[in-house]
Amino acid sequence: MNISLLKSDLSQASLIYEMQIKAFTPLFNKYQDHTTSPANESIERIIDRLNESSTDYYIIKDFEVHVGAIRIVRKENKVYRVSPVFIVPEHQGKGIAQKVFAIIEDKYKDALIWELDTILQEQGNCYLYEKLGYRKTGQTKQINDKMTIVFYEKRMTPSK
């Protein structure tokens, strides 16, 4: 495995869109979340995000294969948000996301707090984030009777 991140621009919008649909469709089918699922988003939404000055989008590559994407949002006071991060189904469960988070944390050394959210019922995702040092904030958001979003943060030690 050779994981790298390729900073994205508008020319990769359709690639990000296709991978996002592929990655989130199984969750959409499972939870029937018609309002917040990334599987339901338009390519225009991705284009809008790519155009945001506070956003960095990266294509996740394993050698030369595109396997997912991650979006980093710079907020105030050195707070960064991951939204979304995804790996296409055929590459999930290989430890790619762990490597991506290590790369991102190294790339954004000034971050004091990282934020993200995930589906509470997806215990594998919750386990991954907790293993990476993220802690539940106590905030949740009920989406429907099958699905609840849980919010996480990771506090970093300021570098000298």
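Residues numbered from 1 in each chain as written. Predicted model: local features only at pLDDT ≥ 70, side-chain atom pairs only at ≥ 80, totals over all residues. Heavy atoms only, no water.

A. Seen up close, the overall build of the chain. The secondary structure content of the chain amounts to 4 helices and 7 strands. Listed N to C, the secondary structure of the chain is β-α-α-β-β-β-α-β-α-β-β in terms of helices and strands. The C-alpha radius of gyration of the chain comes to 15 Å, within 12% of the 15 Å expected for a compact globule of 160 residues. Projected onto its principal axes, the C-alpha positions of the chain cover 45 × 40 × 30 Å. For the chain, contacts bridging at least 24 residues in sequence account for 61% of all contacts bridging at least 6. In the structure as shown, the chain presents an accessible area of about 8,700 Å², 50% of it carried by carbon and sulfur atoms. Separation of charge centres in the chain, based on 23 positive and 21 negative side chains, amounts to 5 Å. (Helix = DSSP H or I, 4+ residues; strand = E, 2+ residues; numbered from the N terminus. Rg over C-alpha atoms; globule rule 2.2 N^0.38 Å. Contact = heavy atoms within 4.5 Å. Areas by Shrake-Rupley, 256 points an atom, 1.4 Å probe, with all protein chains shown as cover. Lys, Arg positive; Asp, Glu negative; His and termini not counted. Charge placed at Lys NZ, Arg CZ, Asp CG, Glu CD.)

B. Region of the structure containing the sheet that holds strand β4 (residues 79–87). Reading across from one edge, β1-β2-β3-β4-β5-β7-β6 is the order of the 7 strands in this open sheet, with mixed pairing throughout. The open sheet is flanked by β1 (3–7) and β6 (135–144), the only strands paired with a single partner. Between one strand axis and the next, the sheet turns by 25 degrees as a mean value, whatever way the strands run. Pairing between strand β5 (residues 113–119) and strand β7 (residues 147–155): 7 bridges, direction antiparallel. Across the sheet, D117 pairs through a bridge with F151, a residue of β7. Contacting β2 (55–62), β3 (65–74), β4, β5, β6 and β7, helix α1 (residues 13–31) crosses the sheet at an angle of about 80 degrees to β4. Docked against the sheet, helix α4 (residues 123–131) engages β4, β5, β6 and β7, running at close to 165 degrees with respect to β5. (Pairing = 2+ DSSP bridges. Axes fitted to C-alpha atoms, helices over the stretch in contact; angles between N-to-C directions.)

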